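Listed here are the chains, written in short residue letters.
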Amino acid sequence: MVVLSVRGLTKRFGEVVANDHIDLDVEEGEIHGLLGENGAGKSVLSSCIYGLYRPDEGRIFLRGREVHIASPFDAIRLGIGMVHQHLTLVPHLRVWENIVLGREPRRGLRVDRVRAFAEVERLLEETGFRLDLARNAGELPIGVQQRVEILKVLFRGAEILILDEPTAVLTPQEVDQLIETLHRLKAQGKTIIFISHKLREIFALCDRVTVLRRGKKVGTLPVSSATPQMLAEMMVGRKVFFEFPRERLAKEEVLFELSHVFTDLPGVPLQDVSLKVHAGEILGIAGVEGNGQSELAEVVVGLRKPKKGKVIFRGKDITAIPPKGRILQGMAHIPEDRHRRGVILDFSVKENLLLGFETEPPFRKGRMTLDFARIRDFARQKIQEFGIVTPGEDTPLRFLSGGNQQKVVVARELAFHPLFVLACQPTRGLDVAATEYLRHILLGVKREGKGVLLISADLDEVRALSDRVLVMYEGRIAGELSPESDEYQFGLLMGGKVLHEA
Ligand SMILES: Nc1ncnc2c1ncn2[C@@H]1O[C@H](COP(=O)(O)OP(=O)(O)OP(=O)(O)O)[C@@H](O)[C@H]1O
Ligand SMILES: [Mg+2]
């Protein structure tokens, strides 16, 4: 039975048609994937169904009856819940308090804490989730916080759950757990709309999938009759290549080096980390997230000082040189947390494309003024080159879809011909075409005889791009593997099994 049905849904933002007469039918008890490139309209469509946006045209039916969803409050009343990409828990409240928040059972005017706790416990039992209800939400790993978000939605009686890119912030292990959780909810009769860019997740999880492209629906099909190539082509509108030829181009010359680096708290202390990136090489860092990769990245860019050891760039000791100085010498950085480090949401696309470089020679005219025409042309060129979906270069970054905001950072960081690029989770949140493009760019950097240090929790990505791979575990380099080594070898090292050197 069709439980949720959308007809001709249209949503415009000024000139942008984010959703263009979209029809969608979701069957009761299915997991329905929503696929599409960055800016295709997935978040807008789900926000319309959840009452966050009012569609300009179109109708929504629940179990055959037309409904008017004017706010999330209406949606919840109708049994529709949404788990957002960014988490919304109150960090200093306990897990159970977060779950009942705004929906607390009361006795008179007081919150009935005993009953609230009991109700949450019952929900846990029903759903088979395991959680420590008494912990503060802020102390939990992201994957667990997300489980709390799901429970929160279930506590409000949701029968239809919308998850907007829930795996973007998760480690591979957490993704597996989430997939298991969602299978269980499906078995209990819940209906799930699942948004993701990862074809592998769509195949592991969904019954049917609907593909959007530039605001329009391309089609809906059963996952069992689809192939990854097919879905990728439906999303992008052209052929997509997943395989890259591996070329050995590494030279003798060491471009970048860490030599016996140790760091202190906070974070995961690095213990005797040494690595060399040669000219013409991509060195990959694999590992379960939280094993020192972020700390390593901070040492590389100069945000964290080693307690011991050296950072060497083109033969020179740069351990004492601050981040800006390193950039000026030709180092670039695609940061992991692009929202915190990479962009200013209230600035325009153009300004974000230049951030930190606006006073550099090509954009400066004379001593005091900037060459605005040149800046505009530069921005337009980058928008085209990276396929950034935006009404124009002057649009505030806030109005771009999540993936398009990321493209802006990537475009900027690679624009000034760096000699060495540190790329941290570079394709996270990017769609198939943007991922493909970015990978080509990183390979291009290598082909030009420059160096790349690639940190990614996506083992497939690390293996696809790297010439050599180091695995990190608890702040150390657990070992080096060739990208062709089998997955089991990687698994062992990632799980902390140190291969002893002969
Ligand atoms: N509040 C807004 N104001 C103006 N434009 C918006 C707004 N929200 C979304 N858009 C535009 O609508 C289009 C669809 O955006 P949406 O966020 O739905 O994309 P998406 O498919 O979720 O992409 P991503 O995978 O990158 O998250 C984009 O072009 C975006 O710039
Ligand atoms: Mg989105």
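It should be noted that the structure appears before, not after, this text.
All of these numbers come straight from a predicted model, not from anything done at the bench.

**Q** Which parts of the structure should I look at to understand the overall build of the protein chain?
**A** When you go through the protein chain residue by residue, the secondary structure sums to 17 helices and 24 strands. Computed over its C-alpha atoms, the radius of gyration of the protein chain comes to 24 Å, within 12% of the 23 Å expected for a compact globule of 502 residues. Taking the principal axes of its C-alpha atoms as reference, the protein chain extends roughly 70 × 55 × 50 Å. A sequence separation of at least 24 residues applies to 66% of the contacts in the protein chain between residues at least 6 apart. Accessible surface, the protein chain as shown: approximately 23300 Å² in total, 52% of it carbon and sulfur.

**Q** What am I meant to see in the pairing of strand E9 (residues 160–164) here?
**A** Across a regular strand the side chains alternate sides, sitting on one face of the sheet and then on the other. Burial of E9 is extensive: 5 of the 5 residues sit out of reach of the surface. Neither face of E9 is open: one carries Ile160, Ile162 and Asp164, the other Leu161 and Leu163, and all of them are buried. Strand direction decides the pairing type here: strand E6 (residues 80–83) and E9, joined by 4 bridges, are parallel. Bridging from a neighbouring strand, valine 83 pairs with leucine 163 of E9. Taken together, the 5 bridges between E9 and strand E10 (residues 191–195) define a ladder with parallel strand orientation. When the bridges of E10 are listed, isoleucine 162 appears paired with isoleucine 193.

**Q** How should I be thinking about the sheet that holds strand E17 (residues 316–317) in this particular structure?
**A** Remark on secondary structure: sheet strands pair via backbone hydrogen bonds, oriented parallel or antiparallel. On the basis of which strands lie adjacent, the open sheet formed by 4 strands has the order E14-E13-E16-E17 and antiparallel pairing. Edge positions in the open sheet fall to strand E14 (273–278) and E17, since each of these has one partner strand only. Here strand E13 (residues 254–262) runs beside E14; their pairing, made up of 5 bridges, is antiparallel. Bridge pairing in E14 links leucine 258 to leucine 275.

**Q** Is there a simple way to explain the packing of helix H5 (residues 142–155) against helix H6 (residues 172–187) in this structure?
**A** Two packed helices can be described by the angle between their axes and the distance between those axes. Axis separation between H5 and H6 bottoms out at 10 Å; the angle between their running directions is 20 degrees. Here H5 is positioned roughly parallel relative to H6, judged by the angle of their axes. Seen along the crossing, H5 lies across H6 with a hand that is right-handed. Of the residues in H6, those in contact with Ile142, Gly143, Val144, Gln146, Arg147, Ile150 and Leu154 of H5 are Glu174, Gln177, Leu178, Thr181 and Leu185. For the contact of H5 with H6, the per-class residue count stands at 6 nonpolar, 4 polar and 2 charged.

**Q** Please clarify how helix H17 (residues 487–494) should be interpreted in this entry.
**A** For an α-helix, the turn length of 3.6 residues means that residues three or four places apart are oriented alike. For H17, the full list of buried residues reads Phe490, Leu493 and Met494. Buried residues of H17, viewed axially, fall in a sector of 95 degrees; they line one side. Each element contacted by the buried residues of H17 is listed here: helix H16 (459–465), strand E23 (468–473) and strand E24 (476–481). By the N-cap criterion, in which a side-chain oxygen at the helix start approaches the backbone nitrogen of a residue two or three places on, H17 is capped by aspartate 486, the distance to glutamine 489 being 3.0 Å. Residue glycine 496 follows H17 closely and has a positive phi angle near 100 degrees.

**Q** Got a minute to help me understand the pairing of E10 in this structure?
**A** Buried residues dominate E10, accounting for 5 of its 5 residues. Alignment of strand E3 (residues 31–36) against E10, held across 4 bridges, turns out to be parallel. Of the residues in E10, the one forming a bridge with isoleucine 31 is isoleucine 192.

**Q** Is there a simple way to think about the side chain of serine 485 in this case?
**A** With respect to the helices and strands, serine 485 occurs in the loop between E24 and H17. Polar side-chain contacts of serine 485 include one of 2.7 Å to the backbone oxygen of serine 482.

**Q** Which parts of the structure should I look at to understand unusual backbone geometry?
**A** Note: most residues except glycine have negative phi, and most peptide bonds are trans. With an omega dihedral of 0 degrees, the bond running from leucine 265 to proline 266 counts as a cis peptide bond. Examined against the element boundaries, proline 266 turns out to sit in the loop between E13 and E14. The backbone of arginine 214 shows a phi angle near 45 degrees, a positive value even though the residue is not glycine. Here arginine 214 lies in the loop between strand E11 (208–213) and strand E12 (216–222). Among the residues examined, arginine 214 registers a relative accessible area of 71% and is labelled exposed. Not every positive phi belongs to a glycine, and aspartate 272 is a case in point at roughly 55 degrees.

**Q** What exactly am I supposed to notice about helix H1 (residues 42–49) here?
**A** The element H1 is largely enclosed, with a buried count of 7 among its 8 residues. Here H1 has its buried residues at Lys42, Val44, Leu45, Ser46, Ser47, Cys48 and Ile49. Immediately downstream of H1, the backbone of glycine 51 shows phi near 80 degrees, a positive value.

**Q** What is the right way to look at the packing of aromatic side chains in this model?
**A** The description of two aromatic rings rests on the distance between their centres and on the angle between their planes. Within this structure, the stated rule accounts for 6 aromatic pairs. Look at phenylalanine 13 and tyrosine 53: their rings are 5.3 Å apart centre to centre, the planes differ by 75 degrees, and that puts the pair in the edge-to-face class. Here phenylalanine 13, found in strand E1 (residues 2–13), pairs with tyrosine 53, found in the loop between H1 and strand E4 (57–62); they are 40 residues apart in sequence, far enough to count as distant. Judged by relative accessible area, which is 34%, phenylalanine 13 ranks as partly exposed. When the centroid spacing of 5.7 Å and the interplanar angle of 80 degrees are considered together, the rings of tryptophan 96 and phenylalanine 117 count as edge-to-face. Of this pair, tryptophan 96 sits in helix H3 (residues 95–100) while phenylalanine 117 sits in helix H4 (residues 113–127), and the two are 21 residues apart along the sequence. The class for tryptophan 96 is buried, based on a relative accessible area of 7%. Ring pairs connect the aromatic residues Phe256, Phe313 and Phe420, which therefore count as one cluster. When the ring centre of phenylalanine 13 is taken as origin, the NZ or CZ atom of lysine 11, which lies over that ring, is 5.3 Å away. Of note, lysine 308 hangs over the ring of phenylalanine 262, and the distance from its end group to the ring centre comes to 4.6 Å.

**Q** When you look at the site of ligand 1 in this model, what are you seeing that I'm missing?
**A** Taken together, 20 residues form the shell around ligand 1, and within it Gly39, Lys42, Phe399, Ser401 and Gly403 come nearest. Histidine 197 is positioned with one of its side-chain polar atoms (N or O) 3.0 Å from an oxygen atom of ligand 1. Ranked by residues supplied to the shell around ligand 1, first place goes to H1 with 3 residues.

Rules used in this analysis
- Residues numbered from 1 in each chain as written.
- Chains lettered and ligands numbered in written order.
- Predicted model: local features only at pLDDT ≥ 70, side-chain atom pairs only at ≥ 80, totals over all residues.
- Heavy atoms only, no water.
- Helix = DSSP H or I, 4+ residues; strand = E, 2+ residues; numbered from the N terminus.
- Rg over C-alpha atoms; globule rule 2.2 N^0.38 Å.
- Contact = heavy atoms within 4.5 Å.
- Areas by Shrake-Rupley, 256 points an atom, 1.4 Å probe, with all protein chains shown as cover.
- Buried < 20%, exposed > 50% of the residue type's maximum accessible area, 1.4 Å probe, protein only.
- Pairing = 2+ DSSP bridges.
- Axes fitted to C-alpha atoms, helices over the stretch in contact; angles between N-to-C directions.
- Parallel < 35°, antiparallel > 145°, perpendicular 65-115°, else oblique.
- Left-handed = near helix turned anticlockwise from the far one by under 90°.
- Nonpolar A, V, L, I, M, F, W, Y, C, P; charged D, E, K, R; others polar.
- Arc of directions from axis to C-beta.
- Polar contact = N/O pair within 3.5 Å; in protein donor to acceptor, adjacent residues only side chain to side chain.
- Phe/Tyr/Trp six-rings, centres within 6.5 Å; stacked < 30°, edge-to-face > 60°.
- Lys NZ or Arg CZ within 6 Å of the ring centre and 35° of its normal.
- Near = heavy atom within 4 Å.

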